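Letter by letter, the chains look like this.
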Amino acid sequence: MITNTEKNWAALTHVSAFGQYLFPLGNFVIPIIIWSSKKNESEFIDTNGKQCINFQLSVFLYSLILGAVFIPTFIITFLSHVTFDELIHDRNFIIRNFNFDDNIGLITTGAIAIFILASLKIAEFFLIIQAAVKTANGENYSYPFTIKFMK
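The following paragraphs examine the structure supplied in this document.

Conventions adopted
- Residues numbered from 1 in each chain as written.
- Predicted model: local features only at pLDDT ≥ 70, side-chain atom pairs only at ≥ 80, totals over all residues.
- Heavy atoms only, no water.
- Salt bridge = Lys/Arg side-chain N within 4 Å of Asp/Glu carboxyl O.
- Helix = DSSP H or I, 4+ residues; strand = E, 2+ residues; numbered from the N terminus.
- Phe/Tyr/Trp six-rings, centres within 6.5 Å; stacked < 30°, edge-to-face > 60°.
- Buried < 20%, exposed > 50% of the residue type's maximum accessible area, 1.4 Å probe, protein only.
- Polar contact = N/O pair within 3.5 Å; in protein donor to acceptor, adjacent residues only side chain to side chain.
- Contact = heavy atoms within 4.5 Å.
- Axes fitted to C-alpha atoms, helices over the stretch in contact; angles between N-to-C directions.
- Parallel < 35°, antiparallel > 145°, perpendicular 65-115°, else oblique.
- Left-handed = near helix turned anticlockwise from the far one by under 90°.
- Nonpolar A, V, L, I, M, F, W, Y, C, P; charged D, E, K, R; others polar.
- Core = buried A, V, L, I, M, F, W, Y, C linked by side-chain atoms within 4.5 Å.
- Expected span 1.5 Å × (residues − 1).
- Arc of directions from axis to C-beta.

1. Details of the pattern of salt bridges
Thinking step 1. For the coordinates displayed, the defined rule picks out 4 salt bridges.
Thinking step 2. The partner of Lys50 in a salt bridge is Asp46, with the nearest N and O atoms 3.4 Å apart. With Lys50 and Asp46 both in helix H3 (residues 43–81) and 4 residues apart, this pair spans about one turn of that helix.

Quick look at the structure:
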């Protein structure tokens, strides 16, 4: 039987991933601290702590992959379609002859990258809430599309 204390600690582990909005890497540091301090007390807390950390690592990896694909594409598209007539003029950076019609690939790439990253962060937000609610009710929760770094 899972006690209310175990349910609360497991739910807190999931909710602590919102620490990313308080300080950098808070979504890793806070859940790891809670999980490592309570994992030996309960199998339920241990399982949910691993799920939380695996999910945060997976989201981080997906964000890195998005960046690795879209940032070079964006830079290459930008540099291939922009004419730099004068780089510095009176201490100002000047780009001339930038035409949005010729740079639809640049605009599309940027829009797709922003859309996918925003969708990922919105999904992360709601999945964390769902995980916290399920664990507070005593259910083990498995995040979708999560790579199992820790088993």
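2. Some words on the packing of aromatic side chains
Thinking step 1. With the rule as written, the count across this model stands at 6 aromatic pairs.
Thinking step 2. Every member of this aromatic cluster is reached through a ring pair, and the members are Phe18, Tyr21, Phe125 and Phe126.

3. Examining the side chain of Ser42
Thinking step 1. By the element assignment, Ser42 lies in the loop between helix H2 (26–38) and H3.
Thinking step 2. What makes Ser42 buried here is its relative accessible area of 6%.

4. Some words on the side chain of Thr135
Thinking step 1. Its location among the elements puts Thr135 in helix H4 (residues 104–136).
Thinking step 2. Exposure remark for Thr135: the relative accessible area of 0% places this residue in the buried category.
Thinking step 3. Side-chain polar atoms of Thr135 contact the backbone oxygen of Ala132, separated by 3.1 Å.
Thinking step 4. When neighbours within four sequence positions are excluded, Thr135 is seen to be in contact with Lys7, Ala10, Ala11, His14, Phe44, Asn48 and Tyr141.

5. Some remarks on the packing of helix H1 (residues 4–15) against H2
Thinking step 1. Contact geometry of H1 with H2 gives a least axis separation of 8 Å together with a crossing angle of 155°. Judged by the inter-axis angle, H1 sits roughly antiparallel to H2. Here H1 runs over H2; the crossing is left-handed. Judged by residue contacts, Trp9, Leu12 and Thr13 of H1 engage Pro31, Ile34 and Lys38 from H2.
Thinking step 2. Across the contact of H1 with H2, the residue classes tally to 4 nonpolar, 1 polar and 1 charged.

6. Thoughts on the nonpolar core
Thinking step 1. Of all hydrophobic cores here, the largest spans 14 residues; its most connected members are Phe55, Leu127, Ile128, Tyr141 and Tyr143.
Thinking step 2. When residues of this core are traced back to their parent elements, those giving at least two are H3 and H4.
Thinking step 3. Those residues in contact with Phe55, other than ones at most four positions away along the chain, are Glu124, Leu127, Ile128, Tyr143, Pro144 and Thr146.

7. As for the environment of Ser58
Thinking step 1. As for its placement among the helices and strands, Ser58 is situated in helix H3.
Thinking step 2. Separated by 88 residues in the primary sequence, Ser58 and Thr146 have C-alpha atoms spaced 5.7 Å apart.
Thinking step 3. Filtering out sequence-adjacent residues up to four positions away, Ser58 remains in contact with Phe145, Thr146, Ile147 and Phe149.
Thinking step 4. Polar side-chain contacts of Ser58 include one of 2.8 Å to the backbone oxygen of Asn54.

8. Considering H2
Thinking step 1. In this model, H2 (13 residues) spans 18 Å end to end at C-alpha, consistent with the 18 Å of a helix rising 1.5 Å per residue.
Thinking step 2. Of the residues making up H2, those classed as buried are Gly26, Asn27, Phe28, Pro31, Ile34, Trp35 and Lys38.

9. Quick notes on H1
Thinking step 1. In this model H1 runs 16 Å from its N-terminal to its C-terminal C-alpha over 12 residues, within 8% of the 16 Å that 1.5 Å per residue would give.
Thinking step 2. If you check which residues of H1 are buried, you get Glu6, Lys7, Ala10, Ala11, Thr13 and His14. One side of H1 holds all its buried residues, which, seen down the axis, span an arc of 150°. Facing away from the buried side of H1 by more than 90 degrees, the exposed set consists of Asn4 and Asn8.

10. Thoughts on unusual backbone geometry
Thinking step 1. In this model, Leu25 sits at a positive phi of 65°, which is unusual for a non-glycine residue.
Thinking step 2. Phi at Phe145 takes a positive value of approximately 55°, unusual for a residue other than glycine.
Thinking step 3. The topology assignment puts Phe145 in the segment after H4.

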